[in-house]
Structure formats: C-alpha cells, structure tokens
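Listed below are the residues making up each chain.
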Amino acid sequence: MRLKLFLRVTAAAAILPHLALAQTLPVPSTWINERGSVLTVQSVDASSGKILGNFTNNAPNTACLGTPGFDLAGKIENDDVKLYVTFKNQSMDCRTITLWTGKLAGDKITTIWELVYLTPDGFSTATGSDTFTKQ
Ligand code: BTN
C-alpha cells in the first residue's frame, strides 16, 4: 500500500513540472508590442507547435507599414517561441526578414529579434527586442 502511494507521488512529481511548462498560444489571439505593431495568431498545430499568423508593422521610422500586414510563421515548444516574417506582400517588398526568439509567460511574449535586409551592396542586419502583450 505504501509502495503504491510512493509510486503515485513520485510519478506526479515527475509529470507536474512538465505540465506547468506546457503553455500554448490561444487561437485566435492578438498581441501588440511596444512599437504598436500587431501580431495575430491564426493557427497553432497541436503536435508540431507550428504557428501561422499575420504581422502588421507599426514601428516608427521603418518601412512596410500598416495593413494588410505580412504572413507570419513560427514555432512554439513549451514556452520557447520563434517567429519570422518576410516583409513581402502583394503591394510591398522591403527585402527584409525578421526573426524573433523569445519566451511566452502569461500574457507576454518577450523576444529579441534580428532583422536582415538586402542593400545594393549585399545585406545589413539590425537587432532589438520586442515585448508582445496579449490583447
Ligand atoms: C523594414 O523596415 O525593412 C521592414 C519593417 C521591419 C520592422 C521591424 S521588425 C522588428 C521591429 N519590431 C517591429 O514591430 N517593427 C520592427
């Protein structure tokens, strides 16, 4: 009897931390960062964690602004979130790709990003951070 109880408690202790980490992004959901840009999550594949959505850039002093935004893709694994946007749609092409890497915690996705853009001479990069808050 005691052995059974011990085994149950041990199994629960092993499983619970993993359950606590298993967050996911609500679908659909809308997130806004400190630059006013809007990230919309349209789907999250339950088995692979693949994310699809839209990103509308509203950051001052940047290009490719406003609606209809750009396709967004990424992946969530536990609380690790990776997102990328190629800033090309039917009417705009900024020759830019941005990758965000971050963590989901409650109603925030805290990220750092790296942006690569083509220039006449090759390419340049920029880095920064964005915190997205769920609306
Ligand atoms: C460009 O200016 O070449 C395209 C737009 C890039 C916008 C960047 S992506 C990272 C950062 N966070 C934002 O919300 N916008 C800027």
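Data block above holds the structure.
Note that the coordinates shown come from a computational prediction; the quantities given were computed from them, not determined experimentally. (Residues numbered from 1 in each chain as written. Predicted model: local features only at pLDDT ≥ 70, side-chain atom pairs only at ≥ 80, totals over all residues. Heavy atoms only, no water.)

Visitor: I would appreciate a short explanation of the overall build of the protein in the present structure.
Guide: Of regular secondary structure, the protein possesses 1 helix and 8 strands. Start at the N end of the protein and walk to the C end: the helices and strands fall as α-β-β-β-β-β-β-β-β. When the 135 residues of the protein are sorted by exposure, 30% land in the buried category. When the accessible surface of the protein is split by element, carbon and sulfur atoms take 60% of a total near 8,600 Å². (Helix = DSSP H or I, 4+ residues; strand = E, 2+ residues; numbered from the N terminus. Buried < 20%, exposed > 50% of the residue type's maximum accessible area, 1.4 Å probe, protein only. Areas by Shrake-Rupley, 256 points an atom, 1.4 Å probe, with all protein chains shown as cover.)

Visitor: Please clarify how the state of the cysteines should be interpreted in this entry.
Guide: Note on terminology: a disulfide is the covalent bond linking the sulfur atoms of two cysteines. Following the criterion strictly, the structure yields 1 disulfide and no others. Between the sulfur atoms of Cys64 and its disulfide partner Cys94 the distance amounts to 2.2 Å. With the S-S bond torsion at 115°, the cross-link from Cys64 to Cys94 turns out right-handed. Of this pair, Cys64 sits in the loop between strand S3 (50-56) and strand S4 (70-77) while Cys94 sits in strand S6 (residues 93-105), and the two are 30 residues apart along the sequence. Of the residues examined, Cys94 reaches a relative accessible area of 22% and is grouped as partly exposed. (Disulfide = S-S within 2.5 Å.)

Visitor: Looking at this structure, I do not really get the site of the ligand. What am I missing?
Guide: Taken together, the neighbourhood of the ligand is formed by 16 residues, with Asn33, Ser37, Asn57, Thr96 and Asp130 sitting nearest. Separating an oxygen atom of the ligand from a side-chain N or O atom of Thr96 is a distance of 2.8 Å. Bound to the protein, the ligand loses 92% of the 410 Å² it would expose on its own. Elements with a minimum of two residues in the shell around the ligand: S6 and strand S7 (108-119). Broken down by element, the residue count for the shell around the ligand peaks at 4 residues, all from S6. Classifying every residue of the shell around the ligand by side-chain character gives 8 nonpolar, 6 polar and 2 charged. (Near = heavy atom within 4 Å. Polar contact = N/O pair within 3.5 Å; in protein donor to acceptor, adjacent residues only side chain to side chain. Nonpolar A, V, L, I, M, F, W, Y, C, P; charged D, E, K, R; others polar.)

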